[in-house]
Amino acid sequence: MGAFPGFGPGVEFHSLTSDGVTMRVAIGGHGPDIVFIPGGDTTAEGYSQQFSRLGDRFRCISYDPRGAGATTAPPAPWTMADYARDCAAVIDAFCDGPAIVSGLSLGGLVTQQTAIDFPDKVRLAIPMGTSAYIDGFTRDWMQAEIDLRKDGIVLPDYFLAPHYAPYAFPAKALGNADLWAEIKAAYTERFRDRDPKDLIDQWEACLDFDCREGLKTCPVPIHVIAFSEDVQTPPAMCKVVSDLAPRGTFHEIAGLGHVSVARHRPDIVAEKLREIISEELAHGAH
């Protein structure tokens, strides 16, 4: 079992090199371009279930970000501006004009930064499970993970899924025996042999991130999706983003956790994305 479900037939893979970064890019479907930005330690496969649900109406694009998968990059430290330039390069190379950009977690931060730095390349931004800056429990939790690896501690396989899954999925999902068996296998593989340096570099970029001032003048429509059972980025944290953005809109999906987009309820997330995008495109046509 893969860390994330694999892509179905019809998805093509490309290689893009820009500013010393060589990215593995996945493309599938037909229609307006959506660029999906993966979260921390996640490859393009993190959106495979969105590709299969949205490819009938949209051309879905994703890629392995710095610090994950087959993408290679200059040595860290990396900033969110670096990640945004990578996304902009993907848009320039593969999209027909400005694109819809959406991302979860670290990908949500990159989504915001791309909209701020490259508003001419983003027709609509949809950050999910996101924040304008990271503080409180989330900062302490991420810093603890960083320090754990800097101290050279390696978590054993038997500890991985029970440790990480509660931060990704709601209690009702973890209480489903069949789903838990799937999550347990996937999350053990996902975090086994995780390069500690990559995690440190990605997460330190997140902790350094603060786009509050940039959001205040961002002209791009930003629809923020929060999940009611999200431990990592609670709805109140997400709402700061939509409140600061001049064209911000807040959406909260009940019953989902931080990574419910994969394996748990990808159908609900896809339905919400389709709804937001369709309404924005219809509004833009008028």
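For the structure, check the block above.
Source: prediction; values computed, not measured.

A. Representation of the overall build of the chain in the model. Within the chain one finds 11 helices and eight strands. The C-alpha atoms of the chain give a radius of gyration of 17 Å, which matches the 19 Å a tight globule of 286 residues would have. For the chain, buried positions account for 56% of its 286 residues. In the chain, the share of contacts with a sequence separation of at least 24, taken over all contacts with a separation of at least 6, comes to 75%. Carbon together with sulfur atoms contributes 52% to the accessible area of the chain, which is approximately 11700 Å² in total. Averaging the positions of the 25 positive and the 39 negative side-chain charges in the chain gives two centres separated by 2 Å.

B. A look at empty space enclosed by the protein. Applying the stated criterion across every chain, the model contains one cavity of 30 Å³ or more. Roughly 400 Å³ of volume is contained in the largest cavity. Residue lining of the largest cavity: 32 residues in total, with Gly40, Ser105, Arg190, Gln232 and His258 positioned closest to the centre. Broken down by secondary-structure element, the contributors of at least two residues to the lining of the largest cavity are α3 (106–117), α4 (136–150), α5 (157–168), α7 (177–191) and α8 (196–207). Of the residues contributing to the lining of the largest cavity, the split by class is 18 nonpolar, 12 polar and two charged.

C. Quick peek at the pattern of salt bridges. Enumeration according to the criterion identifies 18 salt bridges in this entry. Note that Glu45 and Arg24 form a salt bridge whose closest N and O atoms lie 2.5 Å from each other. Of this pair, Glu45 sits in the loop between β3 (33–37) and α1 (48–54) while Arg24 sits in strand β2 (residues 21–29), and the two are 21 residues apart along the sequence. Accessibility expressed as a relative area gives 15% for Glu45, which makes it buried. Taking the relative accessible area as the measure of exposure, Arg24 reaches 23% and is therefore partly exposed. Of the charged contacts, one joins Glu275 and Lys272 as a salt bridge, the two residues approaching to 3.1 Å between their closest N and O atoms. Pair noted here: Glu275 and Lys272 are both in helix α11 (residues 266–285), with a separation of three residues, about one helical turn. In this structure Glu275 comes out as partly exposed when scored by relative accessible area, which is 35%. Three or more residues are tied together by salt bridges with common partners; here these are Arg24, Glu45 and Asp64.

D. The packing of aromatic side chains, seen in detail. Applying the stated criterion across every chain, the model contains 11 aromatic pairs. Here the aromatic rings of Phe137 and Tyr167 are separated by 6.4 Å at their centres, their planes lie at 20 degrees, and the arrangement is stacked. On the criterion of sequence distance, the pair formed by Phe137 in helix α4 and Tyr167 in helix α5 is long-range, its members being 30 residues apart. Tyr167 sits in the buried class, given a relative accessible area of 19%. The structure contains a cluster of three or more aromatic residues connected by ring pairs, namely Phe7, Phe13, Phe36, Tyr47 and Phe51. One cation-aromatic arrangement involves Arg212 over Tyr133; the distance from NZ or CZ to the ring centre is 3.6 Å.

Reading the values: rules and limits
- Residues numbered from 1 in each chain as written.
- Predicted model: local features only at pLDDT ≥ 70, side-chain atom pairs only at ≥ 80, totals over all residues.
- Heavy atoms only, no water.
- Helix = DSSP H or I, 4+ residues; strand = E, 2+ residues; numbered from the N terminus.
- Rg over C-alpha atoms; globule rule 2.2 N^0.38 Å.
- Buried < 20%, exposed > 50% of the residue type's maximum accessible area, 1.4 Å probe, protein only.
- Contact = heavy atoms within 4.5 Å.
- Areas by Shrake-Rupley, 256 points an atom, 1.4 Å probe, with all protein chains shown as cover.
- Lys, Arg positive; Asp, Glu negative; His and termini not counted.
- Charge placed at Lys NZ, Arg CZ, Asp CG, Glu CD.
- 1 Å grid on protein atoms, 1.4 Å probe; cavity = no way out; pocket = protein on both sides within 12 Å on 5 of 7 lines; lining within 4 Å.
- Points joined across faces, edges and corners; volume = space filled by probe spheres on them.
- Nonpolar A, V, L, I, M, F, W, Y, C, P; charged D, E, K, R; others polar.
- Salt bridge = Lys/Arg side-chain N within 4 Å of Asp/Glu carboxyl O.
- Phe/Tyr/Trp six-rings, centres within 6.5 Å; stacked < 30°, edge-to-face > 60°.
- Lys NZ or Arg CZ within 6 Å of the ring centre and 35° of its normal.

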